[in-house]
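# Structural overview
If you want the building blocks of each chain, they are given just below.
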Amino acid sequence: MISLRNIEKVYRTDTVETLALSRISLDIAQGEFLSIMGPSGCGKSTLLNIMGLLDAPTKGDLQINKQRTTDLSDKALAQFRNKILGFIFQSYHLINDLKVLDNVELPLLYRNCNAKERKELATEALGKVGLSNRIKHFPNQLSGGQKQRVAIARAIVGRPEIILADEPTGNLDSAMGNEIMDILLDLNKREGTTIVMVTHDENMARKTHRLVRLFDGSQVQ
Amino acid sequence: MVKHLFTLIWNKKKQNALLLSEILVSFLVLFAVFSMLVYFYHNYKKPAGFKCEQVWAVSYNQSFAESNTDSVVQYYDAVKQLLLSLPQVRSVSLASSNLPYFQRTIQYGIKQNAISVNNVNSYDIEDSYAAILGLQIMEGRWFDKSDITFKNKPIVINNSLKQRLFGNGKAIGELIGDGPDKDKRKVIGVVQDPKFDGDYTGAGLASFSRIDTGNIRWVGNMLIEVAPGADAAFEAKLYKVLANSMKNGNVEIEYLTNKRKSINYFALVPMIILSIISSFLIVNVALGLFGVLWYNINKRRGEIGLRRAIGASGKSISVQLVTESMLLACLALMIGSFFAIQFPLLNVFDLPAGIYLSALLLAIIFVYMLVLVCSLYPGKQAAAIYPAAALHED
Ligand SMILES: Nc1ncnc2c1ncn2[C@@H]1O[C@H](COP(=O)(O)OP(=O)(O)OP(=O)(O)O)[C@@H](O)[C@H]1O
Ligand SMILES: [Mg+2]
């Protein structure tokens with residue numbers, strides 16, 4: 001499903017050069033639930049961004065669904081992100097000026113999908129995360145856990161094959177965190193969605209199929 | 001997508017209100033300036049309706065003893081004979097004080113059946129006047145000797161007045177006025193509108209009547225057509241001749257061509273000043289617009305990153321932002337047009353509706369261009385935002 005070969009990422013600023021990732025090789029199978037752990041600044045988000053085509057590796061090769069992504073055009077990458085990938089972020093990244101339903105519909109705006117279909121799919125996705133009664137709310141009228149559930153609904157509304165989650169429970173207390181985790185586990189089990197999740201929580205990581213540990217940009221487990 | 005953007009604009013109505021009012025104000029200023037420019041142009045491209053080359057205007061004061069009108073007529077006949085005996089003088093006409101380009105007005109109103117027309121300029125002149133100024137006869141004829149005997153005093157009107165009184169109907173031979181029939185005036189001719197107030201000002205309504213024994217004693221002006229090559233030396237000579245004939249007359253001679261130059265100048269200067277002021281204003285608005293859009297885009301980096309992450313290409317981001325400002329411009333223009341359309345509807349300045357509509361169209365196009373230009377660059381910058389970096393920030 002996802003295959004990384006000798007991925008290297010160097011951030012260059014005027015003064016320093018940071019080696020954020022070095023020689024990462026990783027294969028993630030379809031239907032796998034993988035977690036990534038490691039100390040702060042070790043390159044977890046960087047790795048996830050590269051898998052999510054939000055950032056390009058400095059060196060190395062990335063394949064998603066057997067498709068080499070390193071030489072795709074901006075438009076093709078956008079299509080890829082839209083159809084194959086779903087993102088969940090620690091800070092939710094909801095658009096505060098849009099109602100919950102409009103937020104969830106967003107990915108469908110970037111593909112051929114009429115208003116009625118969009119509404120149906122978004123309502124269905126919100127149902128899956130248990131937020132059917134909040135669709136007319138604005139994000140700042142919701143709790144953190146609810147916001148993250150909206151973000152999950154947005155990530156799954158387009159039925160992506162892969163979900164990339166960067167510390168999805170990082171801003172939540174453990175009860176809320178467990179709720180989110182249950183939704184992801186359920187998604188993985190029932191729909192076979194491949195999930196890659198960055199986490200700081202050993203308990204969460206233990207519930208997944210496989211754990212990858214990073215240290216200073218390198219894979220140590 | 002457009003509906004989505006409308007939702008977004010609506011939900012952010014507070015932030016957008018500033019931008020919207022900025023666009024609205026610039027639209028209204030542009031509408032005012034364009035109305036004026038279009039009006040000026042509209043007047044400018046109309047024919048002058050007369051010529052002023054080789055025509056000199058003479059002003060003087062001459063008082064006559066009350067009783068004897070015949071002697072006044074004789075006096076003027078003698079003066080005209082004297083002037084015409086000069087080889088450089090081709091033609092002379094006494095005239096009321098509202099000479100072309102002198103910006104003096106003598107106006108009256110006409111009631112004609114159900115129609116009431118105000119601000120009609122009244123010119124008292126002699127038969128030679130039309131030839132001196134080259135007035136263009138459109139219908140009927142100009143005055144001649146035969147007009148001395150009349151049942152109804154003859155009158156020549158300009159085309160605008162004819163349109164107001166008779167539309168496209170027949171004017172020649174019609175009587176105008178609302179008194180008893182014997183006091184009515186008979187239309188004998190229609191002339192093309194002469195632009196007596198300069199090239200940039202509309203001709204207005206005009207009627208011409210012969211100077212007769214009733215009013216000749218009050219005349220204080222004449223137009224003299226001179227031969228080409230009549231120069232300052234001749235002007236001095238003419239002055240001497242006139243001053244001799246008119247003791248204590250305060251004779252003044254002016255070239256109509258000079259009067260025209262200065263009247264056009266005084267029409268253009270405010271227009272130029274206004275245009276300069278408004279271009280400063282527009283530049284200001286453009287910078288403001290640019291600044292607000294730029295600021296908005298930087299404030300929305302998170303949103304832009306997110307949109308990229310869920311499937312927007314760089315191009316669709318910039319298209320979105322440009323479309324958003326264009327939609328906002330649409331709203332502002334709808335409100336602005338509502339106000340602008342009141343001018344022709346309520347006939348605020350008595351200008352033809354076509355002038356307002358052209359100005360409206362120009363202002364709309366201009367505002368769209370302005371908003372487009374001001375949002376293209378910020379939009380392009382937004383497209384270049386790196387999604388990972390934008391998402392990383394907050
Ligand atoms: N845009 C950037 N420019 C320069 N350096 C960067 C940039 N983004 C990340 N880095 C650096 O790359 C390294 C890895 O960052 P990354 O965000 O991947 O860490 P992380 O493992 O996700 O940390 P955390 O657990 O705190 O989120 C860090 O040293 C960071 O300073
Ligand atoms: Mg991180």
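Calculation rules
- Residues numbered from 1 in each chain as written.
- Chains lettered and ligands numbered in written order.
- Predicted model: local features only at pLDDT ≥ 70, side-chain atom pairs only at ≥ 80, totals over all residues.
- Heavy atoms only, no water.
- Helix = DSSP H or I, 4+ residues; strand = E, 2+ residues; numbered from the N terminus.
- Rg over C-alpha atoms; globule rule 2.2 N^0.38 Å.
- Buried < 20%, exposed > 50% of the residue type's maximum accessible area, 1.4 Å probe, protein only.
- Contact = heavy atoms within 4.5 Å.
- Areas by Shrake-Rupley, 256 points an atom, 1.4 Å probe, with all protein chains shown as cover.
- Near = heavy atom within 4 Å.
- Polar contact = N/O pair within 3.5 Å; in protein donor to acceptor, adjacent residues only side chain to side chain.
- Core = buried A, V, L, I, M, F, W, Y, C linked by side-chain atoms within 4.5 Å.
- pLDDT = per-residue confidence, 0-100.
- Salt bridge = Lys/Arg side-chain N within 4 Å of Asp/Glu carboxyl O.
- Pairing = 2+ DSSP bridges.
- Domains from an automatic or database assignment.
- Buried area = accessible area lost by both parts, 1.4 Å probe.

Turning next to the overall build of chain B. Helix and strand content of chain B: twelve helices and eleven strands. Against the 2.2 N^0.38 benchmark of 21 Å for 394 residues, chain B shows a C-alpha radius of gyration of 31 Å, more extended than a compact globule. Once the C-alpha set of chain B is aligned to its principal axes, its extents read approximately 100 × 50 × 30 Å. Looking at the 394 residues of chain B, the share that counts as buried comes to 48%. Counting only contacts in chain B whose residues sit at least 6 apart along the sequence, the fraction spanning at least 24 positions is 80%. Carbon and sulfur atoms make up 61% of the accessible area of chain B, which totals about 19,400 Å².

Around ligand 1 lies a shell of 13 residues, among which Ser-40, Gly-41, Lys-44, Ser-45 and Thr-46 of chain A are the nearest. Two or more chains meet at ligand 1, and those chains are chains A and B. In this structure, an oxygen atom belonging to ligand 1 sits 3.3 Å away from a side-chain N or O atom of His-200 of chain A. Calculation on ligand 1 without its partners gives an accessible area of 630 Å², and the protein chains cover 68% of this total.

A separate point is the nonpolar core. The biggest cluster of nonpolar side chains holds 50 residues, and the ones touching the most others in it are Ile-2, Ile-36, Met-51 and Val-196 of chain A. With near-sequence residues (within four places) excluded, Met-51 of chain A lies in contact with Ile-2, Leu-4, Leu-26, Ile-28, Ile-36, Leu-62, Ile-64, Leu-85, Leu-164 and Val-196 of chain A.

Bringing the confidence of the model for chain B into the picture now. Residues and elements named next belong to chain B. Across chain B, the average pLDDT comes to 89, with 99% of residues at 70 or higher. Least confident of the elements in chain B is helix H12 (residues 387-393), whose mean pLDDT is 82; most confident is strand E6 (residues 154-158), at 95. Interface confidence for the predicted complex, given as ipTM, is 0.93, next to a pTM of 0.80.

We now examine the pattern of salt bridges. Oppositely charged side chains may form a pair once their charged atoms are brought near each other. The final tally for this structure, using the stated rule, is 32 salt bridges over all chains. Here Arg-68 of chain A ties to Asp-71 of chain A by a salt bridge, and the two come within 3.9 Å at their closest N and O atoms. For Arg-68 of chain A, a relative accessible area of 40% translates into the label partly exposed. Residue classification places Asp-71 of chain A among the exposed positions, given a relative accessible area of 56%. Ionic pairing is found between Glu-139 of chain B and Lys-162 of chain B, a salt bridge with its closest N-O pair at 3.0 Å. Within this pair, whereas Glu-139 of chain B is found in strand E5 (residues 137-140), its partner Lys-162 of chain B is found in helix H5 (residues 159-166), the two being separated by 23 residues in sequence. When its relative accessible area of 25% is taken as the criterion, Glu-139 of chain B is described as partly exposed. Looking at Lys-162 of chain B, the relative accessible area reads 5%, which means it is buried.

All names here are of chain A. Spatial ordering of the open sheet is given by E2-E1-E4-E5, a layout of four strands whose pairing is antiparallel. Strand pairing shows two members of the sheet lacking a second neighbour, strand E2 (17-28) and strand E5 (67-68), which therefore form its edges. By the bridge criterion, eight bridges tie strand E1 (residues 2-12) to E2 in an arrangement that is antiparallel. When the bridges of E2 are listed, Lys-9 appears paired with Leu-21.

Attention shifts here to the domain arrangement of chain B. Residues and elements named next belong to chain B. Assigned domains of chain B: these are domain 1 (2-45 + 267-393) and domain 2 (61-250). The gap between the C-alpha centroids of domain 1 and domain 2 is 52 Å. Across the contact, six residues belong to domain 1 and five residues belong to domain 2. Between domain 1 and domain 2, the buried area comes to about 540 Å², and carbon and sulfur atoms account for 59% of it. For the domain 1 face of the interface with domain 2, the top three residues by lost area are Asn-43, Tyr-44 and Leu-268, together amounting to 67%. Summed over the shared surface of domain 1 and domain 2, the result is zero salt bridges.

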